[in-house]
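Observations on chain architecture
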Amino acid sequence: MELLQQAQFATLDLMRRAQGHALGVMGFDPAELTHRRLARGAHWQLRDYGGRDSETSLLIIAAPIKRPYVWDLGPNLSAIRHCLSNGVRVYLLEWIAPTVPGGHVGLDECARAISKCVARIATEPKATKPFLIGHSLGGTLAAVFCASEPQAVRGLLLLGAPLCFQPGTNRFRDALVSMIPPGLTEAGIIPGSLLSHASAFASPNAFVWSRLTDAAMSLGDLRALDVHARVERWALDEAPVPGKLIHQIAEWLYRENRFCRGTLTVLGRTIGPSCLDVPTLAVVNTADEVAPLDSIEALLDAMPTKDVSLIKYSGEIGVALQHLGILVGREAYARIWPNIIAWLAAHR
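Scope of this entry: the structure provided in the associated data block.

**A short note on the overall build of the protein chain**
Helix and strand counts for the protein chain stand at 13 helices and 14 strands. Its C-alpha atoms give the protein chain principal-axis dimensions of roughly 50 × 45 × 40 Å. Expressed as a percentage of the 348 residues in the protein chain, the buried residues total 58%. Taking as baseline every contact in the protein chain between residues at least 6 positions apart, the subset at least 24 positions apart corresponds to 78%. Total accessible area on the protein chain stands at roughly 14300 Å², and carbon and sulfur atoms take up 57% of it. Between the mean site of the 33 positive side-chain charges and the mean site of the 32 negative ones, the protein chain shows a separation of 5 Å.

**Focus: the nonpolar core**
The biggest cluster of nonpolar side chains holds 110 residues, and the ones touching the most others in it are Trp71, Leu132, Phe259 and Trp337. Filtering out sequence-adjacent residues up to four positions away, tryptophan 337 remains in contact with Trp71, Ala79, His82, Cys83, Ile133, Leu159, Ile326, Leu327 and Ala332.

**Some thoughts on the sheet that holds strand 1 (residues 36–40)**
The mixed open sheet is built from 8 strands, whose spatial order is 1-2-6-3-7-8-13-14. Sheet topology places strand 1 and strand 14 (308–313) at the edges, where each strand pairs with a single neighbour. Looking at each pair of strands side by side, their axes are set apart by 20° on average, direction ignored. Pairing geometry for strand 2 (residues 44–48) and strand 6 (residues 89–95), over 5 bridges, is antiparallel. Residue tryptophan 44 lies in a different strand from strand 6, and its bridge partner there is tryptophan 95. Across the sheet, helix 4 (residues 137–148) is in contact with strand 3 (57–61), strand 6, strand 7 (131–135) and strand 8 (155–159); its angle to strand 7 comes to roughly 145°.

**Observations concerning the pairing of strand 2**
Here strand 2 lies mainly inside the structure; 5 of its 5 residues are buried. With burial as the criterion, each face of strand 2 is covered, one bearing Trp44, Leu46 and Asp48 and the other bearing Gln45 and Arg47. Pairing geometry for strand 1 and strand 2, over 4 bridges, is antiparallel. In the strand pairing of strand 2, alanine 39 is matched with leucine 46.

Thresholds applied
- Along every chain, residues carry numbers that run from 1 in the direction the sequence is written.
- Whole-chain, interface and lining totals are the exception, using all residues; otherwise, since this is a predicted model, local features are given only for residues with pLDDT of at least 70 and side-chain atom pairs are given and counted only at 80 or more.
- In computing side-chain properties, one takes all heavy atoms of the structure into account and sets aside hydrogens as well as water.
- We count a stretch as a helix when DSSP gives it H or I for four or more residues in a row; a strand needs E for two or more, and each element gets its number in order from the N terminus.
- Note on classification: 1.4 Å probe, protein chains only; a residue is buried when its accessible area is under 20% of the maximum for its type, exposed when over 50%, partly exposed between these limits.
- Any two residues having at least one pair of non-hydrogen atoms within 4.5 Å are treated as being in contact.
- Only the protein chains shown count as cover for residues, and all accessible areas are computed by the Shrake-Rupley method using a 1.4 Å probe.
- Counted charges follow a simple rule, with Lys and Arg positive, Asp and Glu negative, and His plus the chain ends left uncounted.
- For the purpose of locating charges, the reference atoms are NZ of Lys, CZ of Arg, CG of Asp and CD of Glu.
- Within this scheme, the nonpolar core is defined by two criteria: the residues are buried Ala, Val, Leu, Ile, Met, Phe, Trp, Tyr or Cys, and they are joined through side-chain atoms within 4.5 Å.
- Strand pairing follows a simple DSSP-based rule, namely that at least 2 bridges must link the two strands.
- The axes used here are C-alpha line fits, helices contributing only the stretch in contact, and every angle between their N-to-C directions lies in the interval 0 to 180 degrees.

Okay, structure coming up:
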């Protein structure tokens, strides 16, 4: 039965990607910047976007469950371009979708990949320790690495990144945990559309109703409609994910809250908030049900460093999914990203 369900969702992946390609034909394909591949592993590769010689290097940790081009949807819709235009050297860690023999990737393997990327960046001319930045589960992985190797980075930026999963504080977390069977297998590969459907069932308001409302309220604004369509095109571009990683995220983080409790073991070391001794900036969208304030605040309070900043962003219309607002919203780029760039400049 499990294999049948996997096959059904794998087929749905193909159907959703076909829908995405149809939107691409209509002009909503991403227009990514050129980049060079600086390093590569079995399940990851490191992109270098270049930029002027800079004292500030930024390593983006892409979320492992979606394609990374949400960071660079187009000329006027790109966190990467925004950082480059402000004199920041940009790198991005991209996760390669697993094949059947290569699906055994978990938190250890992800942390090891980040470590290799940080080490590779250090060999570049005029290299400096990078800042790590991640959105959603990319931020979760960035925080896990920084807790295991805090001396390797200059700082950490968390954009809508859930890290605390105390029962009763996050409705999305509670609903998702109630849906996931405790004996979820680590074997094989999880189709991306299975995760998309699980998220929609866990929070229909965040992933269905508010999405439809956003589309309706964007009808009078062509720019907002363009952003909405590009986000939808990205959301349809499903990618498979290692079953081992999904098992560990679901069980160790969402169900057992190991990282926030200080009991998560990664690469042989037990880590938690007390290990995150790095300058940290967190941005929380108060309209986001996936990564609300409660999913990060307890961790920030428990960190040993006093150099911790929190920016609250109230969300906006025309972003399709509020969880993505910080990466695609016009108000976010007008009001929030200048503060992010200023924080980077103050810590270089």
